[in-house]
Structure formats: C-alpha cells, structure tokens
Amino acid sequence: DLARYLGKITGATFAVTTGDGNHGIAVGLPAHFPKQEDSNRWANPKATEREAYLIRTHKNGAYLLGATEQGVEHAVWDFLDRLGYRQFFPGEHWEVIPHTPALTATIKAEESPSYQARRIWYGVGLWDYNAEPYKAWCARNRTAGGLDLHTGHSYGGIIRGLKAEFDAHPEFYPLIDGRRRPSPEAKLCIGNQELRRLVCEYEVNQVAKNPDLESVSLDPSDGGGWCECDLCEALGSISNRALLLANEVAAAVNAKYPGKYVGMYAYSYHSPPPTIRVDPNVIISVATAFLKGGLTLDEIISGWAKQGATLGIREYYSVNTWDRDQPGKARGGNLDYLARTIPAFHAQGARYLSAESSDNWGPNGLGYYLAARLLWDVNESAKINELTDDFLTRAFGPAKEPMAEFYRQLDGSKPHPIPDDQLGRMFLALKQARTLSADAPDVRTRINDLALYAHYVSLFQQYADAQGSARQEAFETLIRHTYRMRTTMLVHAKALYRDLPARDKTVKVPDGAAWNVPEGKNPWKSSSPFTEAEIAAWIKDGLTRHKPITVPFEPVAYSNDLLPAAGPLTLTANAKGADLGPGRGVQTFLTYVTKGPSEIELKITGGLIAHYRDRGHVKVGLWKLGGPSETGEAETLIAEDQGVPPDGKERTITLAVKEPGLYKLTVSDGGDMTRVRFPDDLPVVLPSTEAVPMNRISGRWTLSFYVPKGTKVVGLMGGGNGEVQDGDNRTRFSLTGKKTSIYAVNVPPGQDGQPWRIKSASGPLRLLTVPSYFAPDPNRLLLPAEVIKADRAKP
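Caption draft 1: Structural context of the packing of helix 13 (residues 384–396) against helix 16 (residues 441–465). One way to put it is that helix 13 packs onto helix 16 with a least axis distance of 8 Å and a crossing angle of 110°. As summarised for this structure, helix 13 and helix 16 are arranged roughly perpendicular, according to the angle between their axes. Together, Arg 394, Ala 395 and Phe 396 of helix 13 and Val 443, Arg 446, Ile 447 and Leu 450 of helix 16 make up the contact between the two elements. For the contact of helix 13 with helix 16, the residue count by class is five nonpolar, no polar and two charged.

What follows is the structure, encoded as structure tokens:
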C-alpha cells in the first residue's frame, strides 16, 4: 500500500524489497532492522503499547516501525497523512491523493493512541456495498485495532449456551411475581451461587475454544425483568448484581488465561454506580443515554471510577430512528460536542470509546473524521478549526468557500431552527460550488454526491409533510432515491429502507419490493448512474422549494439586567393565572426577590410521563445572578433540592434566599416531565432567545411578553400553532398551520408600550425584536432595566 500510494503521489515507481533499513523506507517491527538504534524497542509490548509506532527520517531514508503489525499499519497511514494523503470518508470519491513529484520530509515522531479502543460503527450493520470501504476508512484513520473489547448484551446468549442446564434447573431463571420462568428480558438469578459458577465455567470454555479472544461480555440483556428472590435482593442494587457476576467471571478466566478482559456497560438499570469494587480486568463502558437512577452522566462516571473501574464510553453518534440522516440532528454532526466530550471523557479516565453510528457520511462525515482524529490524540481538539479548514481545502479546492457554508449548515453545534432556510442555504452553496469546480473533476464528483444528499433531505421533508395517498407516493420516491445513491454512503440506505415502513403504518412496501429483495427482482431498486442534468434539476428544485430566509427586520439586543416591570410600568393583566406549563429535561426560569432574607415556595410535580419514572428525583437549583461570586463567576448556586420524587404528585419545596435580586431557577428531571408552579405574586419569566429557545412546553400554552415603546415590528421565530395578540387581546398574526420560520408582526399605533401575549401556542417560540421573556401574566414580567427606564420616562 505504501509503495502504491507513494507512486500515485510522485509518479515514480517504488519497489518493495527486503533489507537492513539503512537505505530507503524501512517498514516493520524494530527487530526486523537490528542495525538501527531502536531495534530493542517493544520487545514484549504490553496491551497498551500494541498500537504504538515511530516515524523517523534520516539522510538515507526513513524508519516506520511499530510495536506490533497493527502499529506498523498505523505508521504507514500516518506517514502518508503527513505527506498530504487523506481518506476523509469511505470510498474512492473521498480519497485525496496529492501530486508532488519531489517528496521531502523531516519527521521525528512517536505515537500511541489516547483511547486504547476506538470504534465508530454502524448500528444497523453493513450492507454489501459498504463493508470494504468502511474497513479501509477505519484502517486509514487509525480506528482499526486496539483491544477487541466485547460489551454487547450477553445474558440471552448465556441462556442459549447453557440451555440444558437451565432446563434442568429452573431456579437459574429470575423469580418474577412469584414464578421462576424464562423472561423476554433474559435475566438470571445472580444470587444463585451455582448459577454464577456455571457462567464462569461457560466463559472460561469460550476462551479455551478461541485463545485469541481478548475479552468476553457480561453485560446484562436489555430491559427490566430482574430477579426478585431473597438471594438477589441481598446482593443490593442491580448494578451490584451485574458487577458481581462480571467480577467472578473475570477472576475465573484470568486464573487460567491471564490478560483477558470482561466488558460490561453502565447502562439502564445497571447504570448507577455499585457499592462493591470492580475487578481490574472488568472494563465498564458508561452509556451516554438510557441512564436510570437520576444521576448525571458525570456522576455515574465518577461513581464507577471511585470503585476502581477501568472506564470506557458507550456513545451514540447517530441512531437512524432518532435522526433519519437529517442535517445537524445527530451528535456525530455536532462538532462542538465532539471537541468537548472526547477530551473530557479521557480526562475522567475513559480509555475506550465505542460509538454507535450510521452509514450517513452526508450529515455526519466531517464529525466522524474529526472524532477519529481526536480519539487517537485528544490534544487535537484544540485544532478542530484547523482540521476543518484542511478538510475544506483538500476536499473542495476552488469551491472551498461555498462548501464551508454548506458544512456550517450541517454542524449541529450551530442553531438551525428553520429547516427550509437551512436546506435552502445548502442548495445555494452547492449551486455556487458546482460553478467553481467546473475544472476540478474530483471536487465536482464530491459536490455532486452531496447534492444527492441534499435532495434526499428535501425528499424526506416532503414525505414527512405529506398526508393520505400523497404520503405513500412521497415515501416510494424517497426510498427509490435512497437506494439509488446508496454507494455514496452519504445516507444509511439499509436502515431507512428497512425501518421506515416498520414504524410508519400509513405507508407500505409492496410485495417484491422489500429491502432484502435483490435488485433485478425488486421494482424499487435501481443502480442507474445519476446524470449532470438530474443533479442540476434537483438543485434548482431545491432552491425553489426551500428558500433561504432574509430577515425582514433588525433583531434587537437587550441587556440581562432584569427588574420587575409591574409598578414602574402600568401593565394590564391580559392572561391572569396562566400556567408556565410542564417541560422535560432541563427547564430554566428567571425570578426576582424583592426582600431578603426570605423564601421561595414552589409546588412541583415530577414524573408526569409515567413510563419514564425511573429517571430519579427532580433536581432543583437556585442561582444568584449579578455581581461576581466568591469564585469570580457571575452566577452563584445558593440552594438545591432533590426531594421531589417522580410519582405524578404535587409537592411543596422552599428555597432560602439571603438577599434581594435576580435569580435563576433550574429544574432537571431526566426527561420524565415536570410542572413547576410559582407563587402568584412572584415575578417569573421563561427566557426564549434565538440561540436558547424555551424548553418545549407540553401541549398548548398562553403566555405574555412586552412590546417596548417605539417598537414597529414584533419579530419572532416559530410556527405550528398560536395567535399573536396585542394589548387589547386582538389577534394580529396567526402561527397556526405555518412552518417554523421568521415572521414580522406590525405594531399598530398605541399598541407599543403594552403587554402582548401568545395564545394557544405549541412548541417553542423565540422573540427577536422585543425582550425575549414570557410570563404567566403581565404583572409578573421581568424586563431589562433600560427598557423600564426608557418606557417609564415616555408619555
């Protein structure tokens, strides 16, 4: 491979021969070249050294030496990378080979990965066309190799492997509702010592059959169904039970085969940290989703670390059922998230990371590429902008600038609240890039592939919006296009084709057109090449359907110095007693205390979604805002409460405050929905800006806001439902039936300097030209100090 690519780069011929390494490019283990100074390096490499390598140039050539054959392969691809070679995404289209007739390089580098195992894998699996390109991408970006850590759900496999024993001993099955029986969740009676002995013996035999096996998984099967017997209850928490079995298997396997590992997740019912120590050969991979018990991710990571766990991370960079390959929707396309979390997890002790992803390199390709680099070297997180610029420069050359805009629209760390605007800007960038790449065929090919992706996004939106018979037609058009572009690997064709009709019962796949019926027999499958005319037509259609938005007003910025508006301003209560409504996840409110010391009394109902009442108690935090704190911050945490259980019952809590002023209240519930009721006489607002919209309120809501004197236009962002009403409760604009977009509402004479309201809205709504705060009624509004001062002084 090295000789072949050096030949492509230079145009010269590189022969592959054997020698002592004193001349030419020496590729191999240190022991292969006994005359060089590092010949004794890595004589017996540890597991943590197996991917290490060095690259050293000298006057007669270079050494590319690895601790193992895997390290050698990493050295080769790193060497080519330093010469300008890139494999950004899988497939020939995304391979960048520089053309440099005369190569010169001075390199003295020694490398080893930050994470000992780095997996970016497809949750729905590979299909025939993408297996080899994916494998090549992993090798060329150094995500192949490392410890082969097995951490999948395993209890079901153990039951199947020990079927005869389980049939003879029903006591090995969990006791549920007074009966011992197999359960759909495939759980075990871990309190049974004989069962644990059998599982240990079973796993030792697995290693005996496959001596190269580096690890076995003892992660529980998914879901609940845990045993309720006294023996299991005596072991303590679910995490204690799962860990006990993993610990005993690790000890048994290593007694006979030293150096083997057991993998287990911290996930679902066994995500809370245990109270027992973790065996040194058990690796705990903490999931970043589906956590129970009410602890934060950081608390779970630190809790397992305190019990001695060797840590990994189980990530979710893309799950097709969550994001459907849409731009900016998945973690894998959120560049800020990747740059923040990969080094942060490493700093917390994680040395393994496995990220469920998709074959969707359209929305997430740049993120996957950057993640691979950061997983190898977390310090590259400081170079994220430099790495992105390198990608844009090498992949798109003369079309770099418009494609930089295209990738800004894909970046999930940037706000993209208006899908039509986002997609319109993508199509506009593609149109400009195609013009600039007319004389660069490789670049033009990449841009054309991304145009196929943009057309897919447009087709998906048309399908999602369609109703009745039009929905079936839109669905068929979407699937046909998705399959036809599958070899670009920009959308996960297999996942979409297989899963969409299973979940959307309004559409169906006719007999003979199912995802696993081969082309030639399947009327929906065609691999006919795309033409330039088709691509140009789709870009034109995309710009017609999805127009970039020109904001028809100048957004207005206000200070964060908020004061109660009632008193200084005359505010008519046009929505008395309105409720701020329930919210999920983290809700943020601002309130103002006029006297201190005093108390804030809140009525809180947690667990409004009964199905999710396993997320722990509601967490409430009260922060004093304004003025530096003792630690130099502008926010000081002064009170906390975690006494409200998620049981759907309203409870009262009190939070003590020492001094008057502005406060921030945060309410976090893990997603099971919480309602917060404030005292009727307490000023309180729900902030909702373009960058940080209000937490989504469940159902319809009616809230008040203020239009300062002199305001000509109320600029807002939203859609779906709702009436914008002036100070006399007259509807001035209807959001009902409108897509999320930016709208301008003219302010009639005499209606400025008045409280307005949004009535019967659904979903978040952002205010862009007036103070971006909603209150239950006008008398409880908080407004920027400069607005109160100006409007109080005006007639």
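Caption draft 2: Quick look at the pattern of salt bridges. The full count for this structure, using the stated rule, is 48 salt bridges. The partner of Arg 197 in a salt bridge is Glu 201, with the nearest N and O atoms 3.2 Å apart. Of this pair, Arg 197 and Glu 201 both sit in helix 6 (residues 193–209), four residues apart, which is roughly one turn of the helix. Judged by relative accessible area, which is 40%, Glu 201 ranks as partly exposed.

Caption draft 3: Broad picture of the pairing of strand 14 (residues 350–357). Burial within strand 14 is extensive, with seven of its eight residues counted as buried. Pairing analysis gives six bridges linking strand 7 (residues 117–122) to strand 14, with the strands arranged parallel. Its bridge partner lying in strand 14, Trp 121 is registered against Glu 356. Of the pairings in the sheet, the one linking strand 13 (residues 310–316) to strand 14 comprises six bridges and is parallel in character. Following the sheet pairing, Ile 313 is matched in strand 14 by Leu 353.

Caption draft 4: Focus on the sheet that holds strand 2 (residues 53–58). Spatial ordering of the open sheet is given by 1-3-2-6, a layout of four strands whose pairing is mixed. Sheet topology places strand 1 (24–28) and strand 6 (108–111) at the edges, where each strand pairs with a single neighbour. Direction aside, neighbouring strands of the sheet carry axes that sit 5° apart on average. Where strand 2 meets strand 3 (residues 61–66), six bridges bridge the pair, whose relative direction is antiparallel. Residue pairing for strand 3: Ile 55 is matched across the bridge by Leu 64.

Caption draft 5: Representation of helix 15 (residues 419–436) in the model. Under the 1.5 Å per step criterion, the end-to-end length of helix 15 is 26 Å for 18 residues, consistent within 8% with the ideal 26 Å. Where helix 15 is concerned, the buried positions are Asp 420, Asp 421, Gln 422, Leu 423, Gly 424, Met 426, Phe 427, Ala 429, Leu 430, Ala 433 and Arg 434. For helix 15, the elements touching its buried residues are helix 14 (400–410), helix 16 and helix 19 (532–545).

Caption draft 6: Expanded view of the packing of aromatic side chains. The full count for this structure, using the stated rule, is 40 aromatic pairs. With centroids separated by 6.3 Å and ring planes inclined at 55°, the aromatic side chains of Tyr 265 and Tyr 267 adopt a geometry described as tilted. Given a relative accessible area of 11%, Tyr 265 falls into the buried group. Residue class for Tyr 267 comes out buried when judged on its relative accessible area of 10%. Measuring from centroid to centroid gives 5.9 Å for Tyr 463 and Phe 475, while their planes differ by 45°, and the two rings are tilted. Of this pair, Tyr 463 sits in helix 16 while Phe 475 sits in helix 17 (residues 469–484), and the two are twelve residues apart along the sequence. The two residues Tyr 463 and Phe 475 agree in class, both being buried. Pairwise contacts between aromatic rings join Phe 88, Phe 89, Trp 94, Trp 137, Trp 361, Tyr 368, Tyr 369, Phe 391, Phe 396, Phe 406 and Tyr 407 into one cluster. The lysine or arginine in question, Arg 486, covers the ring of Tyr 483, its NZ or CZ lying 3.9 Å from the ring centre.

Caption draft 7: Examining the nonpolar core more closely. Residues Leu 218, Trp 304, Phe 391, Phe 396, Met 403, Tyr 407 and Leu 430 are the most contacted members of the largest nonpolar core, which totals 134 residues. When residues in this core are grouped by element, the largest group, twelve residues, is from helix 16. The contacts of Phe 391, once residues within four sequence positions are left out, are Phe 88, Phe 89, Trp 94, Leu 366, Phe 396 and Tyr 407. Among the nonpolar cores identified, the runner-up in size contains 42 residues, and Val 618, Ala 639, Leu 686 and Val 724 belong to it.

Caption draft 8: Here's a closer look at the sheet that holds strand 25 (residues 713–718). Spatially, three strands are ordered 28-25-30 in an open sheet, and the strand pairing comes out antiparallel. Each edge of the open sheet is held by one strand with a lone partner, namely strand 28 (741–746) and strand 30 (766–767). Bridging between strand 25 and strand 30 involves two bridges; their strand directions are antiparallel. Paired with Leu 716 across the strands is Leu 767, a residue of strand 30.

Caption draft 9: Spotlight on the environment of Ala 785. By secondary structure assignment, the location of Ala 785 is in helix 20 (residues 785–793). Placed 40 residues apart in sequence, Ala 785 and Val 745 show a C-alpha to C-alpha distance of 24 Å. Excluding its chain neighbours within four sequence positions, the residues that come into contact with Ala 785 are Ser 559, Asp 561 and Leu 563.

Caption draft 10: Spatial organisation of a nonpolar patch on the surface. Among the surface-exposed residues, Phe 14, Ile 25 and Val 27 lie close enough to one another that they form a single nonpolar patch of about 210 Å² accessible area. Tracing the backbone shows Phe 14 in the loop between helix 1 (2–10) and strand 1. Residue Phe 14 is classed as partly exposed on the basis of its relative accessible area of 33%.

Caption draft 11: Region of interest: unusual backbone geometry. The omega torsion of the bond from Gly 596 to Pro 597 falls at 0°, within 30 degrees of zero and hence cis. Among the structural elements, Pro 597 can be located in the loop between strand 16 (586–593) and strand 17 (598–605). Not every positive phi belongs to a glycine, and Ser 268 is a case in point at roughly 55°. For Ser 268, the position within the fold is in strand 11 (residues 261–268). Note on Ser 268: relative accessible area 6%, which makes it buried.

Caption draft 12: Looking closely at helix 20. What helix 20 keeps buried is the set Ala 785, Val 787, Ile 788 and Asp 791. Down the axis of helix 20, the sector holding all buried residues measures 160°, keeping them to one side. Away from its buried face by more than 90 degrees, helix 20 exposes Lys 789 and Ala 793.

Caption draft 13: Representation of the side chain of Ser 239 within the structure. Following the sequence through the fold, Ser 239 ends up in helix 8 (residues 238–256). With a relative accessible area of 1%, Ser 239 lands in the buried category. Residues contacting Ser 239, with those up to four places away along its chain left out, are Tyr 269, His 270, Ser 271, Pro 272, Pro 273, Pro 274 and Trp 304.

Caption draft 14: Structural detail: the pairing of strand 23 (residues 684–687). Where burial is concerned, the two faces of strand 23 agree: the one with Val 684 and Leu 686 and the one with Val 685 and Pro 687 are both buried. By the bridge criterion, two bridges tie strand 23 to strand 31 (residues 773–774) in an arrangement that is antiparallel. Paired with Pro 687 across the two strands is Tyr 773, which belongs to strand 31.

The rules behind each value
Residues numbered from 1 in each chain as written. Predicted model: local features only at pLDDT ≥ 70, side-chain atom pairs only at ≥ 80, totals over all residues. Heavy atoms only, no water. Axes fitted to C-alpha atoms, helices over the stretch in contact; angles between N-to-C directions. Helix = DSSP H or I, 4+ residues; strand = E, 2+ residues; numbered from the N terminus. Parallel < 35°, antiparallel > 145°, perpendicular 65-115°, else oblique. Contact = heavy atoms within 4.5 Å. Nonpolar A, V, L, I, M, F, W, Y, C, P; charged D, E, K, R; others polar. Salt bridge = Lys/Arg side-chain N within 4 Å of Asp/Glu carboxyl O. Buried < 20%, exposed > 50% of the residue type's maximum accessible area, 1.4 Å probe, protein only. Pairing = 2+ DSSP bridges. Expected span 1.5 Å × (residues − 1). Phe/Tyr/Trp six-rings, centres within 6.5 Å; stacked < 30°, edge-to-face > 60°. Lys NZ or Arg CZ within 6 Å of the ring centre and 35° of its normal. Core = buried A, V, L, I, M, F, W, Y, C linked by side-chain atoms within 4.5 Å. Patch = residues over 30% accessible without salt bridge, like charges linked within 9 Å, V, L, I, M, F, W, Y side chains within 5 Å. Areas by Shrake-Rupley, 256 points an atom, 1.4 Å probe, with all protein chains shown as cover. Arc of directions from axis to C-beta.

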